[in-house]
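Okay, here's what each chain looks like letter by letter:
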Amino acid sequence: MNSGVFIFLDTLVPQPTGCFMLHGTVLCLETLLCGSLSDAFRLDLNLLVAPPGLGEWSCLAASGGYDQEAPAACERQWKSNVEVEAIVAGPDDLGSASTTDAQVDKQGLSPRCASLLQAWIKSVEQSHTPFGNYCFKFKRKLIKHLPKKSRDMLPLPPFTCADLEWKGAVYNDATKELLVQVLHLTASGLNWMSGGGSAKSCPRFVTRLHRSVLQGLLDKLLVLCPLLESTETDLNPVGAYDRLVGFDPASSYPDLKADLVDLPTVCGTLDPLMTLMPGDADIVGSVDKLFPSGLGMVGKDVPFTAGSRHEYISLVVRQLRSGKIHLTTDPLGCGSVFTIGKKGGDRQREIWHGGLLSALSAKPPKPPQQANPAALGDLEATDDRPLYTSVRDGQAFFDQLRLPDSLLRVMGRPAVTGQELLDWVKEGQAQLTSDELERHCLEHEAFAAAARYTPVSRVWPMGFSWSSYVAQCQMVATVKAAGFGTQQMLTEEGSLPFCAEGAISIATDDVAHFMQASPYELEQLQEVPLAPLDDVWARWGLKEKIEKRLDLQPSATVLGIDVRHGTQLAPKGSRLIALLLAAMDLTSTRRTTARDFGALIGTIQWHDLL
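What counts and how
Every chain's residues receive numbers from 1 upward, in the order its sequence appears when written. Per-residue local features are limited, in this predicted model, to residues with pLDDT of at least 70; the limit for side-chain atom pairs, both in listing and counting, is 80 or more; totals at the level of whole chains, interfaces and linings are taken over all residues. For side-chain calculations, the full set of non-hydrogen atoms in the structure is used, while hydrogens and water are omitted. A side-chain nitrogen of Lys or Arg and a carboxyl oxygen of Asp or Glu constitute a salt bridge if their distance falls within 4 Å. Segments assigned H or I by DSSP are reported as helices when at least four residues long, segments assigned E as strands when at least two residues long, and all are numbered from the N terminus. For the exposure calls, accessible area comes from a 1.4 Å probe over protein chains only, and a residue counts as buried if that area is under 20% of its type's maximum, exposed if over 50%, partly exposed in between. Here, any two strands with at least 2 DSSP bridges between them count as paired. Working convention: axes come from line fits to C-alpha atoms, limited for helices to the stretch in contact. Angles between N-to-C directions cover 0 to 180 degrees.

**Q** Looking at this structure, how should I read the pattern of salt bridges?
**A** Two side chains with opposite charge may pair up if their charged atoms get near one another. Applying the stated criterion to the full structure yields 22 salt bridges. Between R140 and E125 there is a salt bridge, with its nearest N and O atoms 3.8 Å apart. Of this pair, R140 sits in the loop between α4 (130–139) and β4 (144–145) while E125 sits in helix α3 (residues 111–125), and the two are 15 residues apart along the sequence. Take E125: its relative accessible area is 11%, and that puts it in the buried class. Notably, a salt bridge pairs R392 with D551, separated by 2.9 Å at the nearest N-O pair. In this pair, R392 sits in strand β9 (residues 387–393) while D551 sits in strand β14 (residues 550–553), placing the two residues 159 residues apart along the sequence. Under the relative-accessibility criterion, D551 is labelled partly exposed at 23%.

Written out as structure tokens, the structure reads:
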């Protein structure tokens, strides 16, 4: 099942002020509707996008032309020429709508979902763009007709409810009319794309071929609606673009809290070098081969700036006692550390900033057998034999992967003094002793309180270019050791892997198994499909995050995509709504930056992989 929302960036044309005129496209409703027939709903926009470092503003006059005025003046001109009409009932009404049993009409969509679809239709048709004008005319049958009957699939002609079969969908006439209007946008997008970014005419009559295409689009729209109904996401489009792509350092990179950082009891228990190709193992086993041009101007001392010094010392102590780091007085390279918040709680993930060292290193190979949402599109299921999903997740997986001894001094962190470590005190835990610290020193010298020590990683750090490749090789090796063949592994570039034994996806620390089975076949199983993998992990000492374990579930989340009832793949409803609202906000404000627009494209591209 194809799904996602597309943005295409056509050209960036330099402008006199040093900004860029962005000739591109904005989101379609959901290419669930377009299937494989089209890459995008094109909504042509001319956005002035400030490149990184040149400010946070961009603007567009209502005519679509470039305005030489200052940012504030341009914004005033836009607001004076174009009334923001991205919603039907006003931002307060739309944003406060909620779905309750009392509000949902069994013969129609909830007011919440209907308002969202109406708002999207209105934002496109009133976007003051060539494509928006085409959508407006297409729905009202104002487009010039082709001179003779068309035998081609595209362009599609205007149509009505009577041209579609609703296949048991119990909707009232008003709801059907609304869904047809959504399909008009989809058909307009397909026509626009088939014309290479324009559309001047369309057929007069709906042929059998056209009807089959429209029916497929309707069927996917009927799948989309429950996704939009399934979440209580705020529906206010005002500021939605910034909420989706905006950067908030306080929430994205919180101050370090040592006790909130996930850390295994014992780190570096797995040796991934055995799982690499021989040539790659030689490279990562040597500083000279991994950094063929040398370490250049890589700093050997970096400050800690991600929170309080006391919290950093507390984290260093935890990492020393778990075996994640050692200490050295002679580092070869250093990177700063920071934390990112984990979803669904207050837990934190520590990231080592290895950008400079990554740039100097040899280019890492592509991670083998890497799964992404596109690979999930190869799965097959039926109502009588749905998919059952099983999932395993490695706990703090990178912290389990031991770094070669030759690279330890390269992976330095902000330095600490011996006295800071000796003075560390935490209720309920013993203080560090000089003897204990001496055992962690690479130089095997007497520990000195006055000395300055650089913590160096004993594990492959999250934030270095080779780490993902190494982690994927290790996980693929465990899956193969459990008896799963390469032909079962889901990859975008691979052939259809589905077989009687099921298919398996591997994405760094996540492993998911998919099995198509009838209820009778399920009853005949002697053990869960991933039981052999559990045995391998236990033997090899790979620690699992137990709370993420799933076995034979018809519904699950894999690679950020929902497997629904064993028969459907779909993005999360909350994310679809966020993308739609962001598109409405962007079409009304016409303001973005290159970085934010890139973030939007990246978010959409991940869902488009389906």
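**Q** I would appreciate a short explanation of unusual backbone geometry in the present structure.
**A** If a residue is not glycine, its phi is most likely negative; likewise, a peptide bond is most likely trans. Between L154 and P155 the backbone carries a cis peptide bond, its omega angle lying at 5 degrees. Positive phi, close to 55 degrees, is recorded for H565, a residue that is not glycine. The exposure class assigned to H565 is exposed, which follows from its relative accessible area of 54%.

**Q** Can you walk me through the sheet that holds strand β16 (residues 561–564) in this structure?
**A** Across a sheet, strands are paired by hydrogen bonds formed along the backbone, either parallel or antiparallel in direction. With antiparallel pairing, 3 strands are arranged side by side in an open sheet as β15-β16-β17. Looking at the sheet topology across the chains shown, the edges are occupied by β15 (556–558) and β17 (568–570). Sheet twist, expressed as the mean angle between neighbouring strand axes with direction ignored, is 30 degrees. Strand direction decides the pairing type here: β15 and β16, joined by 3 bridges, are antiparallel. For V558, the partnering residue across the bridge sits in β16 and is I561.

**Q** I would appreciate a short explanation of the pairing of strand β8 (residues 348–352) in the present structure.
**A** Consecutive side chains of a regular strand alternate in pointing toward one face of the sheet and then the other. β8 sits mainly inside the fold: 4 of its 5 residues count as buried. Of the pairings in the sheet, the one linking strand β7 (residues 337–341) to β8 comprises 5 bridges and is antiparallel in character. If you follow T339 over to β8, its bridge partner there is E350. As consecutive antiparallel partners, β7 and β8 are separated by 6 residues, and within that stretch G344 has a phi angle of approximately 80 degrees, a positive value.

By themselves, these are just geometric observations and shouldn't be taken as functional.
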